[in-house]
Amino acid sequence: GDSVTQMEGPVTLSEEAFLTINCTYTATGYPSLFWYVQYPGEGLQLLLKATKADDKGSNKGFEATYRKETTSFHLEKGSVQVSDSAVYFCALSGTQTGANNLFFGTGTRLTVIP
Amino acid sequence: ETGVTQTPRHLVMGMTNKKSLKCEQHLGHNAMYWYKQSAKKPLELMFVYSLEERVENNSVPSRFSPECPNSSHLFLHLHTLQPEDSALYLCASSQDLVVAGPYEQYFGPGTRLTVT
């Protein structure tokens, strides 16, 4: 079935360090891919998305490229800030009508220290 | 109020109690969802409602009973829960499921449930 595997955390980085959080997926057909972020005490917020192969989603300095050949959607940021400390979730969704199958990974906790 | 709101934010209940979680969305969406978030596990989709009809029920025990009286409100009725049901329960909403995706979902802050 459809699933997402993302790197286990926690990840601890110093401010201005480079961030990569790996995400790979298994899916039938052509899913859309998402990164959601959950700040402490809050619900999940959409960070970025990509709907087809080779698309690059970007927001707030974060980027992820939909790589069909490696079935990956790794999240990157060139210089992290303390305010980026949160839990990051990779997710995929098909394009099936009449139902929604949004599959999430287990989440990766990022802590950025000054 | 804007976005998706959930009440209460925290709930402690005994195994014999009956309680309800409430979710309200102010985004004009037609689909609503309940998720369970447990430590070190992927988010578990519990129920999906589209246009107030339940379209998905992912093998959730009957001690969880959803209700969607209109497209803006979603409830999760709880009774005779077990300690392993302690988790963060998240509500989300999205555009109508009739049209093909991608389905961007908007989440509430969640209800932290503890079953004693």
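One numbering rule holds for all chains: residues counted from 1, following each sequence as written. Each chain takes a letter, starting from A, and each ligand takes a number, starting from 1, following the order in which they are written. In keeping with the predicted nature of the model, local features appear solely for residues at pLDDT of at least 70, side-chain atom pairs appear and are counted solely at 80 or more, and the whole-chain, interface and lining totals rest on all residues. Derived side-chain values reflect all non-hydrogen atoms in the structure, with water molecules and hydrogen atoms excluded from consideration.

(A) Molecular detail of the state of the cysteines. Residues and elements named next belong to chain B. Whenever a pair of cysteine sulfur atoms sits within 2.5 Å, that pair is classed as a disulfide. Scanning the entire structure with this criterion turns up two disulfides over all chains. Two residues, C23 and C91, share a disulfide whose sulfurs are 1.9 Å apart. An S-S torsion of about -75° defines the bridge between C23 and C91 as left-handed. Of this pair, C23 sits in strand 3 (residues 18–25) while C91 sits in strand 9 (residues 87–94), and the two are 68 residues apart along the sequence. Considered together, C23 and C91 belong to a single accessibility category, that of buried residues. Free of any disulfide, C68 has its nearest cysteine sulfur in C91, 9.0 Å distant. On the basis of relative accessibility, which here comes to 11%, the residue C68 falls in the buried class. The helix and strand labels rest on DSSP assignments: H or I over at least four residues marks a helix, E over at least two residues marks a strand, and numbering proceeds from the N terminus. Only protein chains enter the calculation, and the probe is 1.4 Å; a residue is then buried if its accessible area is under 20% of its type maximum, exposed if over 50%, and partly exposed in between.

(B) Region of interest: the pattern of salt bridges. Within this document, salt bridges are pairs made up of a side-chain nitrogen of Lys or Arg and a carboxyl oxygen of Asp or Glu, the two lying within 4 Å of each other. Within this structure, the stated rule accounts for six salt bridges over all chains. For A:K49, the salt bridge is made with B:E104, and the minimal N-O distance between the two is 3.4 Å. Here A:K49 is found in strand 6 (residues 44–50), whereas its partner B:E104 is found in the loop between strand 9 and strand 10 (106–107) on a different chain. Judged by relative accessible area, which is 36%, A:K49 ranks as partly exposed. We classify B:E104 as partly exposed; its relative accessible area is 22%. Note that A:E63 is salt-bridged to A:K56, the shortest N-O span being 3.6 Å. By relative accessible area, A:E63 is classed as partly exposed at 34%.

(C) Structural view of the layout of surface pockets. In this analysis a 1.4 Å probe is tested at points of a 1 Å grid over the protein atoms alone, and where it fits but cannot get out there is a cavity; an open set with protein on both sides within 12 Å along at least five of seven lines is a pocket; lining residues have an atom within 4 Å of a point. Grid points are joined across faces, edges and corners, and a volume is the space filled by probe spheres set on the points. If you add up the space inside the largest pocket, you get close to 720 Å³. If you go around the largest pocket, you meet 26 residues; those closest to its centre are A:V87, A:R109, B:Q37, B:A39 and B:K40. Only strand 10 (86–93) and strand 12 (108–113) of chain A provide two or more residues apiece to the lining of the largest pocket. A total of three residues in the lining of the largest pocket trace back to one element, the largest contributor, which is strand 10 of chain A. Residue composition of the lining of the largest pocket, grouped by class: nine nonpolar, 10 polar and seven charged. Ten residue types, Ala, Val, Leu, Ile, Met, Phe, Trp, Tyr, Cys and Pro, are classed as nonpolar, four, Asp, Glu, Lys and Arg, as charged, and the remainder, Gly among them, as polar.

(D) Structural detail: the sheet that holds strand 7 (residues 64–70) of chain B. Residue and element names in this part refer to chain B. In short, DSSP must find at least two bridges between two strands for them to pair. Read from one edge to the other, the open sheet built from four strands follows the order 1-3-8-7, with strand pairing classed as antiparallel. Each having just a single partner strand, strand 1 (4–7) and strand 7 make up the two edges of the open sheet. Going across the sheet, the axis of each strand differs from the next one's by a mean of 20°, ignoring polarity. The axes are straight lines fitted to the C-alpha atoms, using for helices just the contacting stretch, and the angles between their N-to-C directions are given from 0 to 180°.

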